[in-house]
Amino acid sequence: MPEPTKKTVSAFTKKPKNQTAEIGATVIFEAETEKPDVKVRWQRDSKDISSSYKYTISAEGNMHSLTINNIAQEDAVGYAVIAGVSKVKFELKIKESEVKGPQKAVSPDPAVAEPKSEEPKGTPSAPTESSAPDTSGTVSDGIAPEGLPEIHQPDTRQDLTGLFTEKPQSGEVNVGENITFVARVCGESLLKKPTVKWFKGKWMDLASKSGKHLQLKEHYDRNTKVYTFEMHIIAAKGNFAGAYRCEVSSKDKFDSCNFDLAVHEARTTDGFDIRTAFRRTSISAGGKKKMGEPGSSTDAGEDSGELDFSALLKKREAVHVSTESEVDVWEILQKASPSEYEKIAFQHGITDLRGMLKRLKKMKKEEKKSAAFLRKLDPAYQVEKGHKIKMQIEVANPDAEVKWLKNGQEIHLTGSKYIFESVGNKRFLTINNCTLADDAAYTCMIGEEKTITELFVKEPPVLIVRNLEDQMVMKGERVEFECEVSEEGAQVKWEKDGVELTRDESFKYRFKKDGCKHVLIINDVTKEDCGHYRVKTNGGQSLAELMVQEKQLEVYQSIADLTVKAKDQAVFKCEVSDENVKGIWYKNGVEVKADARTHITHIGRIHKLTIDDVKPEDEGDYTFVPEGYAFNLSAKLNFLEVKIDFVPRQDPPKIHLDCMGRTAESTILVVAGNKLRLDVPITGDPAPIVVWTKGEKVLTDSDGHVHVESTKGHCIFTIEGAERQDEGVYSVIVRNPAGEDTADINVKVVDVPDPPEAPRILSVGEDSCIVQWDPPLFDGGQPVIGYVLERKKKKSYRWMRLNFDPYKETTYEAKRMIEGVAYEMRVYAVNAIGMSRPSAASQPFVPVAPTSEPTGLCVEDISDTTISLKWRAPERIGSAELEGYGVEYCKEGSDEWIPAFKGLTERTSVIIRDLPTGEKMQFRVRAYNMAGPSPAATLQQAVTIREIMQRPKIWVPRNLRQTLIKKVGEMINLVIPFQGKPRPQVTWTKNDEPLDPKQVSIRNSDTDTILFIRRSERKDSGKYDVQVQIENVEDRASVNIQIVDLPGPPQNLKVIDVWGFNVALEWKPPKDNGNCDITGYTIQKADKKTMEWYTVFEHYRRTNCVVSDLIMGNEYVFRVYAINMVGLSPEPCLSKDSAYIQKTGIVYKPPSYKEHDFSEAPKFTHPLVSRSVIAGYSATLSCSVRGIPKPKITWYKNKMDITNEAKYRMFSNQGVLTLEIRKPCPFDGGVYMCKAINDSGEDIVECKLEVRHRE
């Protein structure tokens, strides 16, 4: 990874500053650079700005300016100016225009304000339906009443400090109305999402209070990079008033804001107070009803009592109150299954899942006691990933066998994942190191009884531990952005300027994971790669900027002036920093072209111009110009004339060699590894100088295994152990002052050929295969005369030769192999010198034979354009795995078989589509394995592609042949299968009328029709008729649906007669029976002193009864509930009159009793049980004792009192004694004794504890 860019000195002496302007105005940003004529770029939201009617960019010397004309709301963003490696950011803010007159309700977007007509003074606005709770800290109903302080938009003029860009403002609201408080936080400078908490008073966290009257919401705007947090108060009450606080934190930053909420009483008209109609009656301790006082309701009792509209009825004949239907999340949770709790909490903004479960547990009714369980599992458990969870039950029988199940499968002990514990009548299941796989439903069973719970494993958010770093690189370099997250294997998402990055075909971006490290690699960066790169996880994000600069071409070696003699070689050479840069050579301003004497080369960073056999006309100025760069390199070539003195005529040298030249007949052959010695006779006077060369290289005695020596009249050339690279043309040159002579000797080194490439297996049979290979790249200098093949089993090391005489072809059929056994092949090449090394082994292959043909091919279904075929697997598959089936078709009378689809299918049935209607077609199926296709299975005769009509028929399910009864609010989902071809037309009616699409949804397929009602109502009851029709043929069926509801209260409950201890009651059936028969009544009585209700009769069928066994002197009232198949009526019918039981003259004399002595000596009812535990895990010892008075308990270890030792904790609960040993070690083993003492005696019990080492 490139090193982080070092901090450099700023290129600006004057930086642009943040400015605030009004809409439509013009603003100028100015910057001053340290050096004049510096290239400066202006950016808006990290994108370059160019001059236009909107933006004016000017530069004079070292002063630069940006002018923004006709400012609009969208111009309030971030800007930047860049010079070299320096970048300065600044902002433009829009000044809010002042609003005159009374303020109206504020919407979440301060820029949007809907006009609203002002009501006349003195006329208060009537209560209206609450609008959507989208307002920011304002009442959502109309204009505030006269005399109350106005609610303004958030004060953007104040200097916001800390994290808030907009703070929640104090507000006022009437009882029953809604209000919303809004806080906004700018996330551009934050590394991860901020955490926001709402409080009431100093300490009450409102996150756990989310529900019917309070909702917390949040969202993020990617364009403005602003987090918005909202607190909605719905149907405000008097006790909601008070001081509130909003806290925001992000890593090491923190900010908070205080605001107030005032709740006013509802407005009245002409002295009429509508609140009195909505007060609930509550039952006082004395048994009398009291009206709830304003502001005295609490969360626990907000729904208790009954609505009393009597005050409303006395003052007004009719008052229409429009109320908005509200959803009580707790009612939804009570009816939902535990698996849906987390989803419902997320939908309604409940963030404290643990608090929700505790509150829901208190609200649930007490379940019927179980005979096997004293205490069942909690409805749900929650644990963080990687932690452990402990589930506990209590059983009635301490010796009962308990089974634990996970998703219906019994849990078995495997390692240390699960731990089963049994302590007395308590059973524990401990799950260590919880993962997402442990998120399941768990069941504990004793015989046929069971208790069920659900475990939620909470995955902690993935945090970014080490953030990305800004980088500045040169064009063409490789860039790596690296970050580190808190968890291995976490998923991250990379973005560039808000666009997600993916692996494209050019491999521009590569993503690498190494444990917790995640790396984004960008190869060959260009100017287009500049921008902001962001990495995101589910727990945070990190941002970094990439800046790319053009490379400056550096000259590592410049060309130099040359002075050469005639026929010498001149070489101009230079080296630059970029190996991809090309260039042009010039001579005296004219481009140099390559020819026989002039050579231009470019290898890596080195550029060469070579001139052979220099002549006087080659003298001049030579220049090298790199393409794309405005500079050049120059040098001069000087020609040096050489004067030759007169030399007397002498005997020129002469080489006497018979095999001179480069023809085949004059070539000297030598086998690789052998020695070559050439003894060449020479003459000349004076004695000539001998030079041996190979190409341009001069050979000397120091050249390894090549030796050169000269004697009188001879020159000797020797190669020790010839090798392939020694092959070529050798030249011998003899010189003396009289002249020179040259001879060429062609040496050819022959060797065994190179090994062929790895052979390829073309096809395999039951016991054979066909193998093919390519000739070797080098034949050793001699033609290849054949090949030798070997094979071996894959798991063996012994190769077996298949032919002993060279095989001339490159394709061979190997036979006599075992079917189903894997083999490998290799090849040798043979020439006149010998046999090559073996080739690489072929890919392993298995000799197999094709399968037999598929069986039972038949037509399953047919239409105008499709056909459905099915078949069975072949009878003989063989040792190779069946790869699939291929299906083909052709027209009758044609031999051109067309594949029905690409590739193979593993199924034994297929549907072929888009066939010509009315055409006769033939079909065949072949099975494929490694050996190829099997023989084809063909239909006995051609098939005409035309649909066969099938009469429509409805198959009504058995459960729908009688009336379907559903409760109000339940979902109705009727699936009615039918048959018929072509696809029939389906029509639904209810009581001979069309269905309402807003209430009922219909979905039709080829084989069934579905009627769906999400929430059933009473009006959905009736007879539903379904009709399927094909042309003139149809079929009908009917389904009766009955929607039932709770009945209304009985009517006119009267006290008919009172005599003795008896009261006769009579009443009338309810007007509304809930759309089903009344199955009975529940009669209850209450003493007017206590007003505690007691049930007298349940499921009583008649409409009159006699209540007996009443207490004299008491006055009773009665109430009656109606019962149907759904349940009790929501409201009872109360008796208007009370019944008073008259006293008689009997005087009661209480009997006298002798005081009983209840004292009892201590006695252990359940002894201590010896245990064996593992060291390091806390252990408990339990027993139970009884005695009166309560005995004193003392614990001993090895007869030593351990009461005051910190390692042990003692508990006593209702006679159950528990000793907890914290993380025992092997030294904590021994005999433990519990002693109980009171005034009547004492008792002891003991057990043995063994502590085992961890495995």
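Note that the structure is a prediction, hence the values are computed from the model and not measured. (Residues numbered from 1 in each chain as written. Predicted model: local features only at pLDDT ≥ 70, side-chain atom pairs only at ≥ 80, totals over all residues. Heavy atoms only, no water.)

**As for the overall build of the chain**
Line of reasoning, step 1. A count of helical and extended segments in the chain gives four helices and 99 strands.
Line of reasoning, step 2. The burial tally for the chain puts 38% of its 1255 residues in the buried class.
Line of reasoning, step 3. Relative to all contacts within the chain whose residues are 6 or more apart in sequence, the contacts with residues 24 or more apart total 63%.
Line of reasoning, step 4. When the accessible surface of the chain is summed, it comes to about 74800 Å², and 49% of that surface belongs to carbon and sulfur atoms. (Helix = DSSP H or I, 4+ residues; strand = E, 2+ residues; numbered from the N terminus. Buried < 20%, exposed > 50% of the residue type's maximum accessible area, 1.4 Å probe, protein only. Contact = heavy atoms within 4.5 Å. Areas by Shrake-Rupley, 256 points an atom, 1.4 Å probe, with all protein chains shown as cover.)

**Here's the deal with the environment of proline 1049**
Line of reasoning, step 1. Position of proline 1049 among the secondary structure elements: in the loop between strand 82 (1033–1044) and strand 83 (1051–1059).
Line of reasoning, step 2. With a relative accessible area of 34%, proline 1049 lands in the partly exposed category.
Line of reasoning, step 3. When the C-alpha positions of proline 1049 and serine 1129 are compared, they lie 5.8 Å apart, and in sequence the two are 80 residues distant.
Line of reasoning, step 4. When sequence neighbours within four positions are dropped, the list of residues in contact with proline 1049 reads Pro1070, Ser1129, Glu1131, Pro1132 and Cys1133.

**As for the pattern of salt bridges**
Line of reasoning, step 1. For the structure shown, the criterion picks out 41 salt bridges.
Line of reasoning, step 2. Close ionic contact of lysine 496 with aspartate 497 constitutes a salt bridge, the shortest N to O distance being 3.5 Å.
Line of reasoning, step 3. One network of salt bridges, in which partners are shared, links Arg466, Glu482, Glu484 and Lys517. (Salt bridge = Lys/Arg side-chain N within 4 Å of Asp/Glu carboxyl O.)

**What about the packing of aromatic side chains?**
Line of reasoning, step 1. Taken as a whole and judged by the stated rule, the model has 23 aromatic pairs.
Line of reasoning, step 2. Taken together, a centroid distance of 5.0 Å and an interplanar angle of 50° make the contact between tryptophan 585 and phenylalanine 624 tilted. Of this pair, tryptophan 585 sits in strand 44 (residues 583–587) while phenylalanine 624 sits in strand 48 (residues 620–626), placing them 39 residues apart in sequence.
Line of reasoning, step 3. Residue classification places tryptophan 585 among the buried positions, given a relative accessible area of 2%. (Phe/Tyr/Trp six-rings, centres within 6.5 Å; stacked < 30°, edge-to-face > 60°.)

**Notes on the sheet that holds strand 62 (residues 800–801)**
Sheets are built from strands that pair by backbone hydrogen bonding, the pairs being arranged parallel or antiparallel.
Line of reasoning, step 1. Read across the sheet, three strands follow the order 62-61-64 without closing on themselves; strand pairing throughout is antiparallel. Either end of the sheet is taken by a strand with one partner, and the two such strands are strand 62 and strand 64 (823–831).
Line of reasoning, step 2. By the bridge criterion, two bridges tie strand 61 (residues 784–793) to strand 62 in an arrangement that is antiparallel. Among the inter-strand pairings, arginine 791 is bridged to a residue of strand 62, identified as methionine 800. (Pairing = 2+ DSSP bridges.)

**Things to note about a positive patch on the surface**
Line of reasoning, step 1. A cluster of basic side chains, namely Arg503, Arg510, Lys512 and Lys513, defines a positive patch on the protein surface.
Line of reasoning, step 2. Mapped onto the elements of the fold, lysine 512 is located in strand 37 (residues 509–514). (Patch = residues over 30% accessible without salt bridge, like charges linked within 9 Å, V, L, I, M, F, W, Y side chains within 5 Å. Lys, Arg positive; Asp, Glu negative; His and termini not counted. Charge placed at Lys NZ, Arg CZ, Asp CG, Glu CD.)

**Notes on the sheet that holds strand 32 (residues 464–466)**
Line of reasoning, step 1. Pairing is antiparallel across the open sheet formed by four strands, whose spatial order is 32-34-38-37. Each end of this open sheet is capped by a strand with a single partner; those strands are strand 32 and strand 37. Adjacent strand axes in the sheet meet at a mean angle of 30°, parallel and antiparallel pairs treated alike.
Line of reasoning, step 2. Judged from the six bridges that link them, strand 37 and strand 38 (residues 517–522) form a sheet pairing that is antiparallel. For lysine 512, the partnering residue across the bridge sits in strand 38 and is valine 519. (Axes fitted to C-alpha atoms, helices over the stretch in contact; angles between N-to-C directions.)

**Re the confidence of the model for the chain**
Line of reasoning, step 1. Overall, the predicted model of the chain reaches an average pLDDT of 81, with 85% of residues at or above 70.
Line of reasoning, step 2. Under a pLDDT of 50 for its full length, residues 1–8 has, in the predicted model, 13 contacts with residues more than four places off or in other chains.
Line of reasoning, step 3. Taken together, the stretch residues 268–325 has pLDDT below 50 and engages in 72 contacts with residues farther than four places along the chain or on a different chain. (pLDDT = per-residue confidence, 0-100.)

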